[in-house]
Amino acid sequence: MARSLNEWLWQHEFWLPPGITWEDMQESEDIHYPQPHDLLLSIPFALVLVVIRCAFERAIALPLSSKLGVRDKQRPKAQPNPMLETFYSTRSKNPEEASPFFLCFPLDLALLISLAKQCDQPVRKMERWFRRRRNTDRPSLSKKFCEACWRFTFYIISFFTGLAVLYDKPWLWDHRECWTGYPQQPLQPSVFWYYLLELSFYWSLVFTLPFDVKRKDFKEQIVHHAATIFLISFSYCANYIRIGTLVMVIHDASDCFLEPTKIFNYMKWKKTCDSLFMIFSAVFLISRLVIFPYTVLYNTYYYSMEIFQPFFGYYFVNALLTILQLLHVFWSCLIIRMVYKFILQGTMEKDMRSDTEESDEDEEGENIREKEKNGITSFSNITSNICIQRNGSEPLNRTHLANGHVKER
């Protein structure tokens, strides 16, 4: 059965244009074509990148964060409570969130009140416990800094490696050259290692996904990584390598500006961060919404038709590129919104993909509410004294005793 599945999967109708078979792709001593089994090398290389990343973050990025003044915020820890921990892990991490629309009363809040009775504690203390517990799971500033440093280092190396590999290639300057002689386009060693570097990196991101900083576009990131890996792998097997190299170098161009923007944001260098973000926004919008559609999408959809008739690989690679472009549009909307607010307000909005701290702001809110209550009580005492004076009576003289009681005279 495995042999039948393998034969079905590697039918030349899926991977090659009409009129071309695997026999036409036979290698010789001087000519080498992409082989699917080459992609297996990306897995051990990805594990090597994970090890290099761990060493880099621990030996370079973390000490660098201390020298540059990146300090982790001291977060109050939630007191150990097995019952609340079980509720947090199995039911809800935020019981204050509203339940489904058909319920008038938040179900999780009702359970929170029930938990408060079982623990013999006020509901407010329960809310504070969950708030502090959620903050414990949030990544520290130094962790974000280290992750941004690693990605910045890789994107810089990858981008300039791509330029070094492609600067003398004809398809970088004339996009129709992507299809000259297709699919019988020999694989050059420099292009092979560039492909292996990029594919290994994205596999390493998948391996470290559970441990990386999770943002609000976590699901979109998973789709992006999956589409990228499928696109790189399929383009290699179907010998869409020339298009694949253009896709990779276009993506790395904007990423080189995104990561240093994050780094300076964590360092609290506001003006530098704002300037880099504006540069990143311009590069991202131009590269992903202008250069990518013309250089890649238009190229694969129209120019390729001058060489061969549509086949499965043609539709599949265009579908993956379209998914990638939809993600570009999604992130472009977020960026444009942030730029718009920056132009109006003159200050950069916090990354909308990032999670926020709750403890300080919420506890400050609680203190403010307490002060407001005390203020109202004090105001009522003052007004009552004024009314008594207007009626001709003497105001009551109150003396506060050490035990907190009030003695009237």
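Now for a description of the structure that goes with this document. (Residues numbered from 1 in each chain as written. Predicted model: local features only at pLDDT ≥ 70, side-chain atom pairs only at ≥ 80, totals over all residues. Heavy atoms only, no water.)

**Thoughts on the overall build of the chain**
Phase 1: Helix and strand content of the chain: 14 helices and two strands.
Phase 2: Per-residue burial over the chain gives 40% buried out of 409 residues.
Phase 3: Here the contacts in the chain between residues at least 6 apart in sequence split such that 76% fall between residues at least 24 apart.
Phase 4: With an accessible surface of roughly 23,900 Å², the chain has 62% of that area assigned to carbon and sulfur atoms. (Helix = DSSP H or I, 4+ residues; strand = E, 2+ residues; numbered from the N terminus. Buried < 20%, exposed > 50% of the residue type's maximum accessible area, 1.4 Å probe, protein only. Contact = heavy atoms within 4.5 Å. Areas by Shrake-Rupley, 256 points an atom, 1.4 Å probe, with all protein chains shown as cover.)

**Observations concerning helix α9 (residues 189–207)**
Phase 1: Compared with the 27 Å implied by 1.5 Å per residue over 19 residues, the 27 Å span of α9 between its first and last C-alpha is a close match.
Phase 2: By the burial criterion, the buried members of α9 are V191, F192, Y194, Y195, L196, E198, L199, S200, F201, Y202, S204 and L205.
Phase 3: Considering only its buried residues, α9 is in contact with α3 (42–67), α7 (141–166), α10 (218–237) and α11 (241–266). (Expected span 1.5 Å × (residues − 1).)

**Let's talk about the packing of α3 against α7**
Phase 1: Taken N-terminus to C-terminus, the directions of α3 and α7 make an angle of 120°; their axes are 9 Å apart at the nearest point. Here α3 lies oblique to α7, going by the angle between them. Seen from above, α3 lies across α7 with right-handed handedness. Across the interface between the two elements, L49, I52, R53, F56, E57, A61, L62, L64 and S65 from α3 touch S142, F145, C146, E147, C149, W150 and T153 from α7.
Phase 2: Of the residues that constitute the contact of α3 with α7, the class distribution is 10 nonpolar, three polar and three charged. (Axes fitted to C-alpha atoms, helices over the stretch in contact; angles between N-to-C directions. Parallel < 35°, antiparallel > 145°, perpendicular 65-115°, else oblique. Left-handed = near helix turned anticlockwise from the far one by under 90°. Nonpolar A, V, L, I, M, F, W, Y, C, P; charged D, E, K, R; others polar.)

**Quick notes on the nonpolar core**
Phase 1: Within the largest apolar cluster, 65 residues are counted, with the highest numbers of intra-cluster contacts made by W179, F201, Y240, V247, F292 and L321.
Phase 2: Of all the elements in the fold, those that place two or more residues in this core are α3, α7, α9, α10, α11, α12 (270–301) and α13 (312–345).
Phase 3: At 11 residues, α11 tops the list of elements feeding residues into this core.
Phase 4: Beyond its immediate chain neighbours, meaning those up to four positions away, Y240 contacts W179, Y182, Y195, F234, S235, F308, F311, G313, Y314 and V317.
Phase 5: In this structure, F277, F284, W331 and M338 belong to the second largest nonpolar core, which totals nine residues. (Core = buried A, V, L, I, M, F, W, Y, C linked by side-chain atoms within 4.5 Å.)

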